[in-house]
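Chain residues, written in single-letter form:
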Amino acid sequence: MLEKIITLLGEDAGFLMDHNCTCIKKDSLHLPGPDFVDRVMTSTDRNSNVLRNLQSVFNHGRLGGTGYLSILPVDQGIEHSAGASFAPNPIYFDPQNIVQLAVEGQCNAVASTLGVLGAVSRKYAHKIPFIVKINHNELLSYPNAHDQKMFASVEQAFNMGACAVGATIYYGSQKSGRQILDVSQAFERAHELGMFTILWCYLRNDAFKKDGTDYHLSADLSGQANHLGVTIAADIIKQKLPECNGGFTALDFGKTDERVYTELTTDHPIDLTRYQVANCYMGRIGLINSGGASGVDDVKEAVKTAVINKRAGGMGLISGRKAFQKPMGEGVELLNAIQDVYLEQKITIA
């Protein structure tokens, strides 16, 4: 399995596999593992039902018992429009095929909209853990705005048999203040009902792009978004992989410290991602990175992202478009390739 992963990484293999992180040391992190709920989460204020549901997801699928997560998320029918998302493979207009892909891909869980999961809940809710995404940014309003709005209630997710709810906050957007309040209240209710929570901690502001650099993907800005996310009691943080740094300084706003760039990070992707992990209470709240858009070499890119996440101290990958925008068999192979990284014991924390 290791040889296959190294072959897929190609010229990036040595760069990623041999890296030693000298900034934030691995000994300071709370790392994923089979005992993560017992070792870390039982110290929190989460009730027993939340812990049970979280453990059930850790125990499910091909990564069951490892402490790592492979989740299939498909909410792009709203977020990106159904046509744009499913035209490459129209079978996914049917919710059953979305859930079936997660089942055949042996994922820990499937995350999707109230409508998608509700359409097949009686057939599948007892076969694979459901995560209901309760808010969305729909693109049919004109002009478009960066505003996540509630499409579902926590109670609807609970009644469906979901083990968790997911939500997005667009930090940096004009409506982020209301989104924070909405999601914080929803997460409080989810915990009361015994469901755990996943927060998509995304940045959205046109001003975050400057001089050809997209600082939405900056480690310092995305790291702070993570820190805001864990503050409202998210149990897992979903974040895009960082591709740059120095957003605070380039945009000349907010507050930062020079040591963030000279002592806590380098320009290596594993170090940048470790800074994201550090902002999740040093790994007490797990970081899962996004698989990103579908492209020309999806398997290689997915495996590369998984290696970076794992070696940085992350908890797994949540990959949607790379998996469902192709024939189901190829989607299953991609999900399994991601899982191979987390199953390979020789790929260790940097």
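Scroll up to find the structure this text is about.
Conventions used here
- Residues numbered from 1 in each chain as written.
- Predicted model: local features only at pLDDT ≥ 70, side-chain atom pairs only at ≥ 80, totals over all residues.
- Heavy atoms only, no water.
- Helix = DSSP H or I, 4+ residues; strand = E, 2+ residues; numbered from the N terminus.
- Rg over C-alpha atoms; globule rule 2.2 N^0.38 Å.
- Buried < 20%, exposed > 50% of the residue type's maximum accessible area, 1.4 Å probe, protein only.
- Contact = heavy atoms within 4.5 Å.
- Areas by Shrake-Rupley, 256 points an atom, 1.4 Å probe, with all protein chains shown as cover.
- Lys, Arg positive; Asp, Glu negative; His and termini not counted.
- Charge placed at Lys NZ, Arg CZ, Asp CG, Glu CD.
- Phe/Tyr/Trp six-rings, centres within 6.5 Å; stacked < 30°, edge-to-face > 60°.
- Polar contact = N/O pair within 3.5 Å; in protein donor to acceptor, adjacent residues only side chain to side chain.
- Pairing = 2+ DSSP bridges.
- Axes fitted to C-alpha atoms, helices over the stretch in contact; angles between N-to-C directions.
- Parallel < 35°, antiparallel > 145°, perpendicular 65-115°, else oblique.
- Left-handed = near helix turned anticlockwise from the far one by under 90°.
- Nonpolar A, V, L, I, M, F, W, Y, C, P; charged D, E, K, R; others polar.
- Salt bridge = Lys/Arg side-chain N within 4 Å of Asp/Glu carboxyl O.

Chemist: Which residues make up the overall build of the protein, and what values do they have?
Modeler: If you tally the helices and strands in the protein, you get 17 helices and twelve strands. Its C-alpha atoms give the protein a radius of gyration of 19 Å, near enough to 20 Å, the size a compact globule of 350 residues would have. The dimensions of the protein, computed from C-alpha atoms along their principal axes, are 50 × 45 × 45 Å. Looking at the 350 residues of the protein, the share that counts as buried comes to 56%. Intrachain contacts of the protein at a sequence separation of at least 6 include 74% that bridge at least 24 residues. Of the roughly 14500 Å² of accessible surface on the protein, a fraction of 50% belongs to carbon and sulfur atoms. Distance from the positive charge centre (32 side chains) to the negative charge centre (37 side chains) of the protein: 4 Å.

Chemist: Explain the packing of aromatic side chains to me, using residue names and the numbers behind them.
Modeler: Applying the stated rule across the entire model yields seven aromatic pairs. Centroid distance Tyr92 to Phe324: 6.0 Å. Interplanar angle 65 degrees. Geometry classified as edge-to-face. In this pair, Tyr92 is assigned in the loop between helix H5 (76-86) and helix H6 (95-104) and Phe324 in helix H16 (residues 321-324), connecting sequence segments 232 residues apart. Given the relative accessible area of 1%, Phe324 is considered buried.

Chemist: So what about the environment of Lys238? Which residues, and what values?
Modeler: Tracing the sequence through the fold places Lys238 in strand S10 (residues 236-239). For the pair formed by Lys238 and Met315, sequence separation is 77 residues and the distance between their alpha carbons is 9.9 Å. Those residues in contact with Lys238 that lie beyond four places of it in its chain are Leu199, Trp200, Cys201, Tyr202, Ile288, Ser290 and Ile318. Reaching out from Lys238, the side chain makes a polar contact with the side chain of Tyr202 at a distance of 3.0 Å.

Chemist: So what about the pairing of strand S11 (residues 286-290)? Which residues, and what values?
Modeler: The buried fraction of S11 amounts to five of the five residues, a majority that puts the element mostly inside the structure. Pairing of S10 with S11, which is carried by four bridges, proceeds in the parallel orientation. Bridged to Gln239 within S11 is Asn289. Direction of pairing for S11 relative to strand S12 (residues 316-318): parallel, over a ladder of three bridges.

Chemist: Which residues make up the packing of H6 against helix H17 (residues 328-343), and what values go with them?
Modeler: One can describe the packing of H6 onto H17 by two numbers: an axis separation of 9 Å at closest approach and a directional angle of 45 degrees. Taken together, H6 and H17 sit at an angle that is classed as oblique. In this structure, H6 meets H17 at a crossing whose hand is right-handed. Across the interface between the two elements, Asn97, Gln100, Leu101 and Glu104 from H6 touch Met328, Gly331, Val332 and Leu335 from H17. Considered class by class, the residues forming the contact of H6 with H17 number four nonpolar, three polar and one charged.

Chemist: Break down the pattern of salt bridges for me, citing the residues and quoting the values.
Modeler: Applying the stated criterion to the full structure yields 13 salt bridges. Between Arg189 and Glu155 there is a salt bridge, and its shortest N-O distance comes to 2.7 Å. Residue Arg189 is found in helix H10 (residues 176-192), and its partner Glu155 is found in helix H9 (residues 154-160); the two are separated by 34 residues along the sequence. Given the relative accessible area of 34%, Glu155 is considered partly exposed. A salt bridge links Asp298 to Lys326, with the nearest nitrogen and oxygen atoms 2.8 Å apart.

Chemist: So what's going on with the sheet that holds S10? Residues and values would help.
Modeler: The eight strands lie next to each other as S1-S2-S3-S6-S7-S10-S11-S12, forming a closed barrel whose pairing is parallel. Neighbour-to-neighbour, the strand axes of this sheet turn through a mean angle of 25 degrees, independent of strand direction. In this sheet, strand S2 (residues 109-113) lies alongside strand S1 (residues 69-74) in parallel orientation, the contact comprising four bridges. Across the sheet, the residue bridging to Val74 is Ser112, located in S2. Helix H14 (residues 269-278) rests against S10 and S11 of the sheet, and its axis sits at about 135 degrees to S11.

Chemist: So, the side chain of His19: which residues are in play, and what are the values?
Modeler: Along the chain, His19 falls in the loop between helix H2 (13-17) and helix H3 (36-39). Of note is the side chain of His19, whose polar atom sits 2.9 Å from the side chain of Asp271. Sequence-distant contacts of His19, defined by excluding residues within four places in its chain, comprise Gly14, His268, Ile270, Asp271, Arg311 and Ala350.

Chemist: How would you sum up unusual backbone geometry? Please name residues and give values.
Modeler: Here the residue pair Tyr142 and Pro143 is connected by a cis peptide bond, since its omega of 0 degrees sits within 30 degrees of zero. By secondary structure assignment, the location of Pro143 is in the loop between strand S4 (135-136) and strand S5 (149-150). The backbone phi angle of Asp211 is positive, close to 50 degrees, even though this residue is not glycine. Position of Asp211 relative to the elements: it lies in the loop between strand S8 (209-210) and strand S9 (213-214). On the accessibility criterion, Asp211 (72% relative accessible area) is exposed. The phi dihedral of Asp252 is positive, around 55 degrees, even though this residue is not glycine. Topologically, Asp252 is positioned in the loop between helix H12 (247-251) and helix H13 (259-262).

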